[in-house]
Amino acid sequence: MSKLAFLFPGQGAQKTGMGKDFYDNYQTARKIFDDAGQWLNLDMEKLIFEKNEKLDSTQYTQAALVVTCLAMEKVLEEQGVCPDVTAGLSLGEYCAIQTAGGLSLKDAVTTVRKRGILMEEAYPAGQGSMAAVLGLSADRVDGILQNEPGVSIANYNCPGQIVITGVKREVEKVSAKLREAGARRVLPLNVSGPFHSPMMEEAGIKLKLVLDQIHLHSLAIPYVTNVTAQYVTDEEEITDLLSRQISSSVLWQQSIEKMTANGVDTFVEIGPGKTLTGFMRKINRDVKMYHIQNVEEMEQTVAKLKSGGSDV
């Protein structure tokens, strides 16, 4: 029996104008954008639909991206497409949990706003960094990092793509070593801190205090957590996992492999860009993979899913 998973992208996927055609064409989406603006006391239309510097600032990016992805997801559900399991890359995990039923819309949106602020404040600006390592195996990267205490692996994205994180000067030094070891490219990422590193542990502790105040709901379907790449079915696990997630490695490749081993053969990436679709091509080309970042793509995807058609 075919199983369907919804996937949600992480920070970095954001772009000006994302979700505007959903806002213009679907009342459900418009209400989510408008409600979020009231909950956060932010002009979401200006933040997301008009070009501005705030959209790429962590404290604003996280809320903007989650609001956009969830607005798209709710419209997709209205079209009769519902998942058997969900997963999200880093920030996207909040969308996965909300879609799975563990968080209310309001709590998901307000929590990621606080998460973004905590992450931005956790480490002095400009002193931490991240870089994508292309063309080396995870084992090879891990071996090189064994003697580099200021740098660790942030993301296991897919075969041949690992993200490292840590103190900026140490990341730069290790990047040179990785190139010497045969990395095809080592690309600095445009982020404001050493996310998914031990240096984020204090932010995780503060985030737990926020999460402790939230009412978690029973999960209607499972989601797969970045922290362990395992299915989560008990809402009592959510607070601990989300507080650990900020400083833990994102086990994305392992999460996809877990879902496919459990019979998931169809995936839908919901949100701007096609980052997760690109990862999937390197993880498993035998599954069906769709992406939705605008209304036209949603309509095409719904039609193909309902007809059992081929990949988008």
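Everything quoted here is computed from the prediction, not taken from an experiment. (Residues numbered from 1 in each chain as written. Predicted model: local features only at pLDDT ≥ 70, side-chain atom pairs only at ≥ 80, totals over all residues. Heavy atoms only, no water.)

## As for helix α9 (residues 201–211)
Part 1 of the argument: By the burial criterion, the buried members of α9 are Ala-203, Gly-204, Leu-207, Val-210 and Leu-211. When α9 is viewed along its axis, its buried side chains cluster within an angular range of 105 degrees and face the same direction. Seen from the open side of α9, the exposed residues pointing more than 90 degrees away from its buried face are Glu-202, Ile-205 and Leu-209.
Part 2 of the argument: Looking at the buried residues of α9, the elements they touch are α5 (92–100), α6 (105–121) and α10 (238–245). (Buried < 20%, exposed > 50% of the residue type's maximum accessible area, 1.4 Å probe, protein only. Helix = DSSP H or I, 4+ residues; strand = E, 2+ residues; numbered from the N terminus. Arc of directions from axis to C-beta. Contact = heavy atoms within 4.5 Å.)

## A few points about a negative patch on the surface
Part 1 of the argument: A cluster of acidic side chains, namely Asp-34, Asp-43, Glu-45 and Glu-50, defines a negative patch on the protein surface.
Part 2 of the argument: The topology assignment puts Glu-45 in helix α3 (residues 44–49).
Part 3 of the argument: On the basis of relative accessibility, which here comes to 36%, the residue Glu-45 falls in the partly exposed class. (Patch = residues over 30% accessible without salt bridge, like charges linked within 9 Å, V, L, I, M, F, W, Y side chains within 5 Å. Areas by Shrake-Rupley, 256 points an atom, 1.4 Å probe, with all protein chains shown as cover. Salt bridge = Lys/Arg side-chain N within 4 Å of Asp/Glu carboxyl O. Lys, Arg positive; Asp, Glu negative; His and termini not counted. Charge placed at Lys NZ, Arg CZ, Asp CG, Glu CD.)

## Thoughts on the sheet that holds strand β9 (residues 264–270)
Hydrogen bonding along the main chain pairs the strands of a sheet, whether they run parallel or antiparallel.
Part 1 of the argument: Here six strands make up an open sheet; going across it, the order is β8-β7-β2-β1-β9-β10 and the pairing mixed. Edge strands, defined here as strands with exactly one partner in the open sheet, are β8 (231–232) and β10 (288–292).
Part 2 of the argument: The pairing of strand β1 (residues 3–8) with β9 spans five bridges and is parallel. By the bridge assignment, Lys-3 is partnered in β9 with Val-264.
Part 3 of the argument: Those strands touched by α5 are β1, β2 (85–88) and β7 (223–224), and its axis lies near 160 degrees from that of β2.
Part 4 of the argument: Its contacts with the sheet put helix α12 (residues 275–283) on β1, β9 and β10, and the angle it makes with β10 is roughly 170 degrees. (Pairing = 2+ DSSP bridges. Axes fitted to C-alpha atoms, helices over the stretch in contact; angles between N-to-C directions.)

## Some points on the sheet that holds strand β3 (residues 128–134)
Part 1 of the argument: Reading across the sheet, the four strands line up as β4-β5-β3-β6 and stay open at both edges, with antiparallel pairing between neighbours. Both outer strands of the open sheet, β4 (151–158) and β6 (185–188), are each paired with one neighbouring strand and no more. Put simply, the sheet's adjacent strands are angled 25 degrees from each other on average, direction ignored.
Part 2 of the argument: The pairing of β4 with strand β5 (residues 161–167) spans six bridges and is antiparallel. Within β5, the position partnered with Cys-158 by the bridge is Gln-161.
Part 3 of the argument: Strands β3, β4, β5 and β6 of the sheet are contacted by helix α8 (residues 168–180), whose axis makes an angle of about 145 degrees with β5.

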